[in-house]
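An overview of the molecular structure
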Amino acid sequence: MTYRSIMVHLDLEQFSEPALRVTCDLADRFKSKVIGVTAGLPNVPIHADGMVASSVLEADFAHLNQAIARCESHFRSALKAVGGSLEWRSDAANPADFLAAEARAADLLVVGRSEHFTTLAPHQPLNIGDAVMKTGRPILVVPPRKTSLALNRILIAWKDTAEARKAVAAALPLLKQATELTVVEIVSDERESDAASGHVADVAKWLQRHDVSATARVELAAGDAGSHLDAIASEARIDVIVAGAYGHARLREWIFGGVTHHLLLQSKTCVLLVH
């Protein structure tokens, strides 16, 4: 198993430079085809009567098309050193919905987390939470200021759920590259430790059958589980955290569990998430 095709999302305003650099590293390692994608909708001002002037709408879409063209040019320039083929896809659409639709063409999606998210951007930015929940593909979330990606030390954040099982299976190409791999389950109570020890031991044995060596450990939560997980990753100099993404829809928004919310918005480490 490998990643034959990697899809990277570019933000219309910031280009998602860290995501591009990580994609370049991964494409070189796995000899992957790379598909660049972007989409957006202009923030069109609406008058009190609910109407939009056609001249304003035309100007906004012209600006959108120019931004898309700049993105494509930057994508091809940033990935020109990649040996595999490049492809570009874009549209005037909701970014998360467009990424979810195009994800059928990729084994792995790479997105960059913006350092300064704002709803006042000229174009609608990607909602990473939406993307994680809708795409049906593993998504590697790259934190701001990341300049490269080693795959030496990987941490599997285990929880005995379908999402975690899917995440570990989807991450196998990455896991096979690691020199140090740890499976950890964080428990809120000592009484859960014995069961958790059995869980992580089973995962380590499953990985061993796939020729991947891993150590297993159980941690008693020290405060917020998401922050605790990040602290473990920082102390062990982890390159990637692999985790299931947990959430459910409420009206038009996704409500995420504490660990997923932390990994999506605050983790300093690259995180591979699967819903």
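Our subject is the structure that appears above.
We now turn to the structure provided with this report.

Conventions we followed
- Think of each chain on its own: its residues are numbered from 1, step by step along the sequence as written.
- Whole-chain, interface and lining totals are the exception, using all residues; otherwise, since this is a predicted model, local features are given only for residues with pLDDT of at least 70 and side-chain atom pairs are given and counted only at 80 or more.
- The side-chain numbers reported here are obtained from all heavy atoms of the structure, hydrogens and water having been left aside.
- Comment: elements are numbered from the N terminus, with helices defined as DSSP H or I runs of at least four residues and strands as E runs of at least two.
- We call two residues contacting when some pair of their heavy atoms lies within 4.5 Å.
- Reported accessibility uses the Shrake-Rupley method at a 1.4 Å probe radius. Residues are deemed covered only where the shown protein chains occlude them.
- Buried residues are those whose accessible area, probed at 1.4 Å on protein chains only, stays under 20% of the maximum for their type, while exposed residues exceed 50% and partly exposed ones sit between those limits.
- We treat two strands as partners when DSSP finds at least two bridges between them.
- Look down the strands so they point away from you; if going from the first strand over the helix to the second traces a clockwise path, that crossover is right-handed.
- Each reported salt bridge corresponds to a side-chain nitrogen of Lys or Arg within 4 Å of a carboxyl oxygen of Asp or Glu.

Some words on the overall build of the protein chain
A tally of regular secondary structure across the protein chain gives nine helices and 12 strands. Across the protein chain, contacts joining residues at least 24 apart in sequence account for 80% of those joining residues at least 6 apart. Carbon and sulfur atoms make up 50% of the accessible area of the protein chain, which totals about 13300 Å².

Re the pairing of strand 7 (residues 180-187)
Every regular strand shows the same layout, with side chains that alternate between the two sheet faces. Among the eight residues that make up strand 7, six are buried, leaving the element largely enclosed by the rest of the structure. Looking at chain direction, strand 6 (residues 153-157) and strand 7 are connected through five bridges and run parallel. Pairing of A157 across the sheet is with V184, part of strand 7. Pairing geometry for strand 7 and strand 8 (residues 215-220), over six bridges, is parallel. Bridge assignment links T182 to a residue of strand 8, and that residue is T215. What joins strand 7 to strand 8 is helix 7 (residues 193-208), and the crossover it makes is right-handed.

Thoughts on the pattern of salt bridges
Enumeration according to the criterion identifies 12 salt bridges in this entry. A salt bridge links K31 to D28; its shortest N-O distance comes to 3.8 Å. Taking the relative accessible area as the measure of exposure, K31 reaches 62% and is therefore exposed. Ionic pairing is found between R89 and E87, a salt bridge with its closest N-O pair at 2.8 Å. Taken together, the shared-partner salt bridges connect K33, E87, R89, E102 and R104 into one network.

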